[in-house]
Amino acid sequence: MQVEINGITIDYTDQGSGLPVIFIHAFPLNKSMWDEQIEAVGDSYRSIALDLRGHGHSTVAPGPYAMEQMASDIRGLMSALSIEKAVLVGLSMGGYVSFEFYRNYPDAVRAMVLADTRAGSDTADARERRLRMAEKAEREGAGSIADEMEPIAVGPTTRRERPGVVRRMRGMIEANTPQGIAAAQLGMAERRDSSELLAHIDCPVMVVVGSEDGLTPLAEAEKLRDGIMGSRLEEIEGAGHLSNMERPDRFNEILVEFLGSIEPGSTA
Ligand code: MLT
């Protein structure tokens, strides 16, 4: 399905009914990375997954894509779907967007799952790497970014035992445009430090991390757990950075359990 938000087309799926759960994908993937979670959640919840601007089937608008802009797109989608409050499930860049969403629209957040992400902004070196990757995407195409992401985004256990996950990840990256990839990368380079926000988060939060996540390792997840009052941390054994795709069985189990612990409250 598609809707016009903030002057661009946002492509999304919307299924089930009940408490709305919005799935926010990682860089540079698309909403289909959540297929197994949406199936596991079933019809007991209203599951919404969107392609962030520049990804999947949403418009590749000129960048950089600030995290606030992506959060505003999600708020616009909620308005278009008459949703007042939702659970946000964000992985990595999806987590960065979730922090901005909470900063700007705290009353629209019922609960959050922050998976394989970090609150801090980039170091100067990390920012430099992003600028290089953005240039590389434009120069050498999306396939070169898939090559770069493969060894860092997927854990060694998955690379050894579940090559289908790697193929799926590559397929999503290669289907994106170099312009969209570069614009998201530049947006992440400029993102704010959300460490100070953690103490103000006042909703149920589950932090998730793959035990083999080398991009946003356990220490980052522990900072989130320690900074957000009442939050809990789940480590998924044998998963790397893309924990939901790498160990969907375990990710789904904890997701369904977490959702079950939330009182629906007012959602629309
Ligand atoms: C992601 O998985 O969204 C990205 O690797 C995040 C990042 O580059 O910081």
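Residues numbered from 1 in each chain as written. Predicted model: local features only at pLDDT ≥ 70, side-chain atom pairs only at ≥ 80, totals over all residues. Heavy atoms only, no water.

Visitor: Describe in detail the site of the ligand, supporting the description with residues and values.
Guide: As a structural note, the neighbourhood of the ligand is formed by A26, F27, S92, M93, Y96, R130, M149, M188, L215 and H241. Note that an oxygen atom of the ligand is positioned 2.8 Å from one of the side-chain N or O atoms of H241. When the free accessible area of the ligand is taken as 270 Å², the share hidden by the protein chains comes to 92%. A class-by-class count of the residues in the shell around the ligand yields 7 nonpolar, 2 polar and 1 charged. (Near = heavy atom within 4 Å. Polar contact = N/O pair within 3.5 Å; in protein donor to acceptor, adjacent residues only side chain to side chain. Areas by Shrake-Rupley, 256 points an atom, 1.4 Å probe, with all protein chains shown as cover. Nonpolar A, V, L, I, M, F, W, Y, C, P; charged D, E, K, R; others polar.)

Visitor: Mind laying out the pairing of strand β8 (residues 232-236), listing which residues take part and the relevant values?
Guide: In the sheet, strand β7 (residues 205-210) pairs with β8 via 5 bridges, with the strands oriented parallel. In the strand pairing of β8, V209 is matched with E235. (Pairing = 2+ DSSP bridges. Helix = DSSP H or I, 4+ residues; strand = E, 2+ residues; numbered from the N terminus.)

Visitor: Break down the environment of S243 for me, citing the residues and quoting the values.
Guide: Among the secondary structure elements, S243 is positioned in helix α10 (residues 243-246). It is 6.8 Å that separates the C-alpha atoms of S243 and V209, two residues lying 34 residues apart in sequence. Among residues more than four places away in sequence, those in contact with S243 are L91, D116, V208, G210, I236, P248 and F251. Here the side chain of S243 touches D116 through a polar contact of 2.5 Å, side chain to side chain. (Contact = heavy atoms within 4.5 Å.)

Visitor: Report on helix α5 (residues 142-153), specifying residues and quantitative values.
Guide: Here α5 contains 12 residues, and its C-alpha end-to-end distance of 15 Å stays within 8% of the 16 Å for a straight helix at 1.5 Å per residue. Looking only at α5, the buried set comprises A142, S144, I145, A146, M149 and A153. (Expected span 1.5 Å × (residues − 1). Buried < 20%, exposed > 50% of the residue type's maximum accessible area, 1.4 Å probe, protein only.)

Visitor: Mind laying out the packing of α5 against helix α7 (residues 163-174), listing which residues take part and the relevant values?
Guide: To characterise two packed helices, one gives the angle between the axes of the helices and the distance between these axes. Packing of α5 against α7 brings their axes to within 9 Å, and their N-to-C directions diverge by 145°. For the pair α5 and α7, the crossing hand works out as right-handed. Residues A142, G143, I145, A146, D147, M149, E150 and A153 of α5 pack against V166, M169, R170, I173 and E174 of α7. Among the residues forming the contact of α5 with α7, the class breakdown is 8 nonpolar, 1 polar and 4 charged. (Axes fitted to C-alpha atoms, helices over the stretch in contact; angles between N-to-C directions. Left-handed = near helix turned anticlockwise from the far one by under 90°.)

Visitor: Go over the nonpolar core with me, naming the residues and quoting the values.
Guide: Counting residues in each nonpolar core, the largest one holds 91 residues, and the members touching the most others are M93 and I201. The contact partners of M93, leaving out residues within four places of it in the chain, are H25, A26, F27, L52, H55, M67, M70, A184 and M188. (Core = buried A, V, L, I, M, F, W, Y, C linked by side-chain atoms within 4.5 Å.)

Visitor: So what's going on with unusual backbone geometry? Which residues, and what values?
Guide: Glycine aside, residues mostly have negative phi, and peptide bonds are mostly found in the trans state. The linkage connecting F27 with the following residue, P28, adopts the cis geometry, with an omega of -20°. Positive phi values are uncommon outside glycine, yet N6 reaches one of about 50°. By the element assignment, N6 lies in the loop between β1 (2-5) and β2 (8-15). Take N6: its relative accessible area is 43%, and that puts it in the partly exposed class. Positive phi is not limited to glycine here, since D116 has a value of about 45°. Position of D116 relative to the elements: it lies in the loop between β6 (109-115) and α4 (124-140). A residue is classified by how much of its surface remains accessible, and D116, at 0% relative accessible area, is buried.

Visitor: Describe a negative patch on the surface, with residues and values.
Guide: A cluster of acidic residues, D125, E128, E135 and E138, forms a negative patch at the surface. The topology assignment puts E138 in helix α4. (Patch = residues over 30% accessible without salt bridge, like charges linked within 9 Å, V, L, I, M, F, W, Y side chains within 5 Å. Salt bridge = Lys/Arg side-chain N within 4 Å of Asp/Glu carboxyl O. Lys, Arg positive; Asp, Glu negative; His and termini not counted. Charge placed at Lys NZ, Arg CZ, Asp CG, Glu CD.)

Visitor: Talk me through the packing of aromatic side chains; I want residue IDs and the actual numbers.
Guide: The final tally for this structure, using the stated rule, is 3 aromatic pairs. Seen from their ring centres, W34 and F251 are 6.3 Å apart, and the 50° between their planes marks the pair as tilted. Placement of the pair is W34 in the loop between β3 (20-24) and α1 (35-41) and F251 in helix α11 (residues 248-260), with a sequence separation of 217 residues. In this structure F251 comes out as buried when scored by relative accessible area, which is 1%. Taken together, F23, W34 and F251 form an aromatic cluster joined through their ring pairs. Here R191 stacks its cationic end above the ring of Y96, 3.9 Å away from the centre of that ring. (Phe/Tyr/Trp six-rings, centres within 6.5 Å; stacked < 30°, edge-to-face > 60°. Lys NZ or Arg CZ within 6 Å of the ring centre and 35° of its normal.)

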